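Working through the structure, step by step
Here is what each chain is made of, one letter per residue.
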Protein chains: 2
Amino acid sequence: MVSYVTEEIPPSVWYGWGDPARAKALGEGALGFLRTTLGLSGVQRDNPPVEHSEVRLVPSALGEPALEELRGICGEEHVSTGRSERILHAGGKSTPDLLRIRGGDALGAPDAVIFPGSSEEVREVLGICVRRRIAVVAFGGGTSVVRGVEPLRGCFAAVLTLDMRRMSKLLDIDPLSRTASFEAGIRGPGIEAALEPHGFTMGHFPQSHQEATLGGYVATRSAGQASTGYGRSDALVKAVHLETPVGPMDVGSLAPGSAAGPKLLDVVVGSEGTMGVITSATVKIAPLPARKSYGAWSFPDFQAGAAALRMLEQDGVRGDMPHICRLSDTDETAATFKLGGFKTGALASYLRRRGQSSPALALFVWEGPKTETAARKRRSARILRAAGGVGLGPMPATAWERGRFSGPYLRDELLTRGVYVETLETAATWTKLAATYAAVRIAILAALEAGGGRGYVQTHVSHVYPDGASLYFTFLGGLEQDAQAQNARVKEAASNAIVATGATITHHHGVGRDHAPYLDAEIGELGIKVLTGIKETLDPSGIMNPGKLIPAPTNPAATKEKP
Amino acid sequence: MVSYVTEEIPPSVWYGWGDPARAKALGEGALGFLRTTLGLSGVQRDNPPVEHSEVRLVPSALGEPALEELRGICGEEHVSTGRSERILHAGGKSTPDLLRIRGGDALGAPDAVIFPGSSEEVREVLGICVRRRIAVVAFGGGTSVVRGVEPLRGCFAAVLTLDMRRMSKLLDIDPLSRTASFEAGIRGPGIEAALEPHGFTMGHFPQSHQEATLGGYVATRSAGQASTGYGRSDALVKAVHLETPVGPMDVGSLAPGSAAGPKLLDVVVGSEGTMGVITSATVKIAPLPARKSYGAWSFPDFQAGAAALRMLEQDGVRGDMPHICRLSDTDETAATFKLGGFKTGALASYLRRRGQSSPALALFVWEGPKTETAARKRRSARILRAAGGVGLGPMPATAWERGRFSGPYLRDELLTRGVYVETLETAATWTKLAATYAAVRIAILAALEAGGGRGYVQTHVSHVYPDGASLYFTFLGGLEQDAQAQNARVKEAASNAIVATGATITHHHGVGRDHAPYLDAEIGELGIKVLTGIKETLDPSGIMNPGKLIPAPTNPAATKEKP
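Residues numbered from 1 in each chain as written. Chains lettered and ligands numbered in written order. Predicted model: local features only at pLDDT ≥ 70, side-chain atom pairs only at ≥ 80, totals over all residues. Heavy atoms only, no water.

1. A short note on the overall build of chain A
Regarding its fold elements, chain A presents 19 helices and 19 strands. Taking 2.2 N^0.38 as the reference for a compact globule, 563 residues should give roughly 24 Å; the C-alpha atoms of chain A span a radius of gyration of 23 Å, in line with that estimate. Its C-alpha atoms put chain A at 75 × 60 × 45 Å along the principal axes. Of all 563 residues assigned to chain A, the portion counted as buried reaches 62%. Here the analysis covers contacts within chain A between residues at least 6 apart in sequence; of these, 78% occur between residues at least 24 apart. Surface summary for chain A: the accessible area is close to 19300 Å², and the carbon and sulfur share equals 54%. When the 59 positive and 58 negative side-chain charges of chain A are each reduced to one mean point, those points stand 7 Å apart. (Helix = DSSP H or I, 4+ residues; strand = E, 2+ residues; numbered from the N terminus. Rg over C-alpha atoms; globule rule 2.2 N^0.38 Å. Buried < 20%, exposed > 50% of the residue type's maximum accessible area, 1.4 Å probe, protein only. Contact = heavy atoms within 4.5 Å. Areas by Shrake-Rupley, 256 points an atom, 1.4 Å probe, with all protein chains shown as cover. Lys, Arg positive; Asp, Glu negative; His and termini not counted. Charge placed at Lys NZ, Arg CZ, Asp CG, Glu CD.)

Given below as C-alpha cells:
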C-alpha cells in the first residue's frame, strides 16, 4: 500500500533535480501568480541550462600513479575521471549550486569519482588519500542544499568524490528487536523496498527520499516528512560503522539504553563526512501502517494554527499525535488553494462565513493499525475544533501526499523562467516560534526587495515536538543579474534573523558550507574547538570533506600523519 | 498527590544510605529467608560500622595558601577540611565503598570539600586547581554505585571535592514550551517541589531520587523508575552549562530539533565530571499526572513475562505503554511474595491452578489524565492476558511504589548482619535478552559460590524500550573475610558475561571506576581516543575527576596548560 515510496528513479540529472521526465510544466495559473506576485512581465522559458557539452571543467589533477592505485582497489570500472561523472558530482542541489552548474561552471568538480564496493575498499582509498594528500568527499544522493558535498580542494593536491551507490545492501534485519542494518549508500526507496516484504518501514521520508541515502540521512541528522511520528534520523539510528583515516570505528550500541559514558554516536551523526565515511548503519524500524487517516483543518491565522498544533501535541491523548503534521501560513495557504485545483471561490466564502478571511491550512496524517488511526483522528479533531479549526476533509492532505516528493522539480522550471527560488528552515521553542517566524520572514522579504524587485515568502511548520516546532520558508523573486549575490544576501539576512531570535541555524538541512559561519553562534567557540579536536583525532591530515561544518585546517601541511 | 516525591531528607549518613532513621529492621521472615537461602547460621548484627571517631584519615595535603585562595572565592564557611565533611565525601555508595568506610578507611578522602555558590565561583576554583595542580571531583548527591565520585589524587598535588548542594535554585520555567532550568546541585525532591506549584513534574525518579542531584543525573546519563514513560535523563535534558578548566561552555539547544552538526550535548551528558562541572541544566517537564492506574500481572516464567512486555511495547496502541514497567524473574517474584506481606499460600495455589508454579511478577503504573490512564490500562490488559498473564489487581504495584526509594537502606542492615549484597545492571535487545539474562545470572552465581558459600541472585527488567529492555541483578552471599576481593570477583564475572553477550556494560549506573576497564569493549579503542581527545580539549591538565570513565593521563606533568 505504500509502494510509491519504494519506487526507484535514476540519480539526479546534472543540472537539476531528479528525473526531468517527472517534472510537470507550470500551468497558466501558476504563471499568472508569478507575474502578479513578483511583478515579472515574462516568466518565459528563456533561461535554460547550458548544453552539457558547454560545461566547463578543469583537467583532473590526479596523475596516473594515483589512479592506478585507486583502480587496483576498486576496479577499473569504478574509478572515473570522465566528464559526465565529474559534472554530476560537482556539487549538491542548493539554488546556488544549480545556478552555477546551469551556467556551465563545473570548475569545482572532483578530480575523480570513485565507486567503492565495501568498507574495506573505502578504508584502502582513505589510506591512499592520506598518503597522497587528496581530499575526500563522501557522496550519497548528492541532494545537499547547504553545499555539503561540494568537492573543495583546499590546500590538498586533489579531491576525490566517493559515490556510495554500490553499497546499497540490506545487511541484517531483526524483526523481534525491530532493527535493520544497511550499507550506507542505499537510497530511500531501496530501504523501503527491502523492508516492505518483512512488513516494516523506516518511516523516514524527506522530500529528497527518492534520491537521498541512509548515509546521507545519518551524516546530516536529517528529518523526514513523517518524523513527527517516526522520529528524526538521529532518533532512528542506533549504530554506525565509520571508516576514518585512522581506521574503522563502530559507534552506537544495539542496547536499547546505555549509561556507558558520552554517546559518541551523536558525534558521528551530523558529522557531514568530516570525520570519516559512514559505510553502514543500523536503524530502528516500525511496522508498516495498515491504515493512514488523513485530515485537513483551517485556522483563522498561522498563530492560531500553531497554538492548535501545540495543544494537539501537549494536551492530546498520549500517542494520538499524527505522524505527519504540517501547518502553512496564510501566504502558503492562499498559494496552495489557488494552485492546487481547489474551488477557491466556494472554499474562501465558506471559510469567510466561519470567520476565516485569511486562513492557515494544517494537514495531518495518522498512521497505524486500522482501528487506531480513526480513533486518534477523532479525538484529535475535538482539540483542533476547540482551537478554532474548521475541518476540510481529507482531500487537501491526500493531495499533498501525492506531490510530497515533487516540490524540488518546480525549482528547475522556475530557474528556467528567470525566477529565483530557495528554501531554508529552522526550529524554535513554542515560546519563541512567533518571534522567529516574524523576524525571518521579514528579513527574507526585505533582502529580496533590496535588489529592487518584489519578493514573496511562504512558510510552514513541518515538524512538531512537545517543546516547539520547525519553520520552513520558501521564497521567490525575479532572478537578478548576479544571482549568486542575490542568494547570498537573502540567506545571510535570514540566517542573522534566526541567530538573533535564538532559533537553530538548521532544523534538518544540515550545516555544509552555508551554515558553517553560523555554527559558533550556536555551539560557541569552545564547541567548535571540541569538534575540531574530534576531527584531529579521527582525521589528523584533514582530508575528510574539508571546508564543511567547521573551518578547514589553515595549515594542512602541518599534518600529524606521515605518508 | 505526588508529594512523597518532594520530601527532602538529609544528605546520606557517612557509613551508608540516606537517613538511618528511615531504615526498617529486617523481620524474622527476611532473616529466615537469608539463613535458608544463603546457608548462614547467624545473620546477627555483629558487623556494624566502626565509630565515626575511629575512621582513619590522612592529613589534608592542602596548604594554607591554597585554602586561603579558595576561601577568598567561596567564603570561609564554604571551604572545609573538617573531619566530618572529608569522611562524608570519601566515596560513593557502592558496596565496596560502604565496606571500606564501614571498616574505618577514609584514607582516600578529599583534601578539602568546597561548597561553591555559583558558576563563577566554580570557574575561579577550577582556575586555582589548574594552577596548583589539584584534582577536582564534582559531587552531587554522592550516590554513585560505580565509584564515580571517589576522590583520586592520581599524580596531582591534592584533590578537592566540589559539593554542589548550595546551587539548588529553579532558574527558569517555560510552561508553554514545557522546559525548566535549574542549578545542577538541586536534588530530586527539590526539582519536584519547585515544579509542583506550576503543575509539572520532571518524571525522573531513580531509586536515589531523595539524594541524587540534577547534575548527577546528567553527568551519569541516568534512568529513573518511570523512564519507560517520561524518558531517560539523556532524553529529558535539553541544554547544559558546563564550567571547564578552559572556560564556560553552553551545550545543547532550546530548539526542539536541530541538524546543526554533531550533538555536543551528548558528549557532556555521561561525561561523569571528567570534562568539567555541570552547574546548570535545562530539562523537559511534563504535566503532573492527574491519575495513576496500577496493575500487577503474573506470568508463567520470566521469558513469558519478557515477551508480554515486548508485545505491550510493540503491539499495544500507540501511547498506551505504562510509565513504569517492571518484571521480576521467578526468584525475585518468590522473594517479593514471601517478604512483601502477601498471603503466599493462597496466592501460590491460585497461580498454580492457573498453570503458574514458578510465576514471574510484572508491575505497571500508567500515569496521565483520569480518563486516559484507565483506558490505557484496560487495553493493555488484553495484551497481557493474551500473553499468558494473570491479573493480580493493583496492590502489588502500589506496595512497590510505597517502598520505591527504600531498597538501599536494606543493604546497610545486611552488611551489619554479615551479608554481602550488591546490584548491577545492563540492557540488551529483545533478541539477546534471554541470553544475557542467563549468562550474567549464572556468572554471578558461580562467582558468588567460588568463595565457598552459597549465592543468591534475583533479577528484574526495570525499563522497556521498543528495541529491548534493561536487566537489573541483585545478589547476596555471606560476607567473606576479604569482602573487597569477593566483590571484585563477582563484578568481574558479571561484567565479562555482559560484554560477551553484546549487552551494554551499564544501563543507568554509569561508568565510574568500576566499568572503565570495560568501556573499550563497548566503544572501541578509537572511541576511547575520541573521548580522550575531547577531554584534552576541555581539560588539558587532566584535573577533572581523574581515573573515571577513561584512563587518567599517565604523565600529567606534560600538561599543555601552564600555571
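2. Structural notes on the pairing of strand 3 (residues 134–139) of chain A
All names here are of chain A. The element strand 3 is largely enclosed, with a buried count of five among its six residues. For strand 3 and strand 4 (residues 158–163), the ladder comprises six bridges, and the chain directions are parallel. Each residue of the ladder has a partner; that of A138, found in strand 4, is L162. (Pairing = 2+ DSSP bridges.)

3. Quick notes on the UniProt feature "domain: FAD-binding PCMH-type" (unreviewed entry) in chain A
UniProt feature "domain: FAD-binding PCMH-type" (unreviewed entry): in the numbering of this structure it lies at residues 106–288 of chain A. Along residues 106–288 of chain A one finds 22% helix and 28% strand; the C-alpha atoms at either end are 42 Å apart. (UniProt positions renumbered as here; feature names shortened; annotations may be inferred.)

4. Quick look at helix 15 (residues 395–402) of chain A
Residue and element names in this part refer to chain A. Here helix 15 has its buried residues at P396, A397, W400 and E401. Viewed along the axis of helix 15, the buried residues span an arc of 135°, placing them on a single side of the element. Against strand 12 (291–299), strand 13 (324–328) and strand 14 (360–368) lie the buried residues of helix 15. (Arc of directions from axis to C-beta.)

5. Thoughts on unusual backbone geometry
Across residues other than glycine, the phi torsion is negative in most instances, and most of the peptide bonds are trans. Residues other than glycine seldom take positive phi values, yet N545 of chain A does so here, at roughly 40°. Topologically, N545 of chain A is positioned in the segment after helix 19 (519–538). Note on N545 of chain A: relative accessible area 2%, which makes it buried. Located in the positive-phi region is R221 of chain B, a residue other than glycine, with phi close to 60°. Within the element layout of this structure, R221 of chain B appears in the loop between helix 7 (214–220) and helix 8 (227–230).

6. Thoughts on the relation of the copies chain B and chain A
After a rotation of 180° and a shift along the axis of 0.0 Å, chain B superposes on chain A with an RMSD of 0.0 Å. Both copies of the chain, as the preceding transformation shows, are related through a two-fold rotation axis. The C-alpha atom lying nearest the rotation axis in chain B is that of G319 of chain B; the distance is 1.9 Å. When the interface residues of chain B are mapped onto chain A, 100% of them are again interface residues, pointing to one common binding face. (Least-squares fit on C-alpha atoms with pLDDT ≥ 70 in both.)

7. Observations regarding the packing of helix 2 (residues 64–74) of chain B against helix 5 (residues 119–132) of chain B
All names here are of chain B. Two elements in contact, helix 2 and helix 5, have axes separated by 9 Å at closest approach and are oriented at 165°. Taken as axis vectors, helix 2 and helix 5 run roughly antiparallel relative to one another. The element helix 2 and its partner helix 5 pack so that their crossing is right-handed. Seen from helix 2, the contacting residues are P65, A66, E69, L70, I73 and C74; seen from helix 5, they are E121, E124, V125, I128, R131 and R132. (Axes fitted to C-alpha atoms, helices over the stretch in contact; angles between N-to-C directions. Parallel < 35°, antiparallel > 145°, perpendicular 65-115°, else oblique. Left-handed = near helix turned anticlockwise from the far one by under 90°.)

8. Quick word on the pattern of salt bridges
Residue and element names in this part refer to chain B. If you walk through the whole model with that rule in mind, you get 70 salt bridges over all chains. Between E121 and R166 there is a salt bridge, with the nearest N and O atoms lying 3.9 Å from each other. With E121 in helix 5 and R166 in the loop between strand 4 (158–163) and strand 5 (170–174), this pair connects stretches of sequence that are 45 residues apart. Overall, the relative accessible area of 16% leaves E121 in the buried class. One salt bridge connects R221 with D266, and the closest N-O pair in it is separated by 3.1 Å. Residue R221 is located in the loop between helix 7 and helix 8, and its partner D266 is located in helix 10 (residues 265–268); the two are separated by 45 residues in the primary sequence. (Salt bridge = Lys/Arg side-chain N within 4 Å of Asp/Glu carboxyl O.)

9. What about the interface of chain B and chain A?
With 79 residues of chain B at the contact, the number on the chain A side is 80 residues. For the chain B and chain A pair, buried surface summed over both sides reaches about 5700 Å², with 60% attributable to carbon and sulfur atoms. Scanning the region where chain B abuts chain A turns up four salt bridges. Between R178 of chain B and D315 of chain A there is a salt bridge; the shortest N-O distance is 3.2 Å. Seen at the junction of chain B and chain A, the total is 37 residue pairs in polar contact (both at pLDDT 80 or more). Per element, the largest residue contribution to the side of chain B that touches chain A is twelve residues, and it comes from helix 19 (residues 519–538) of chain B. When the residues that make up the side of chain B that touches chain A are grouped by side-chain class, the tally is 32 nonpolar, 28 polar and 19 charged. (Buried area = accessible area lost by both parts, 1.4 Å probe. Polar contact = N/O pair within 3.5 Å; in protein donor to acceptor, adjacent residues only side chain to side chain. Nonpolar A, V, L, I, M, F, W, Y, C, P; charged D, E, K, R; others polar.)

10. Here's the deal with the packing of helix 11 (residues 302–315) of chain B against helix 14 (residues 370–386) of chain B
Residues and elements named next belong to chain B. Contact geometry of helix 11 with helix 14 gives a least axis separation of 9 Å together with a crossing angle of 135°. Classified by the angle their axes make, helix 11 and helix 14 are oblique. Considering only the axes of helix 11 and helix 14, their crossing is right-handed. Contacts from A308, M311, L312 and D315 in helix 11 reach S380, I383 and L384 in helix 14.

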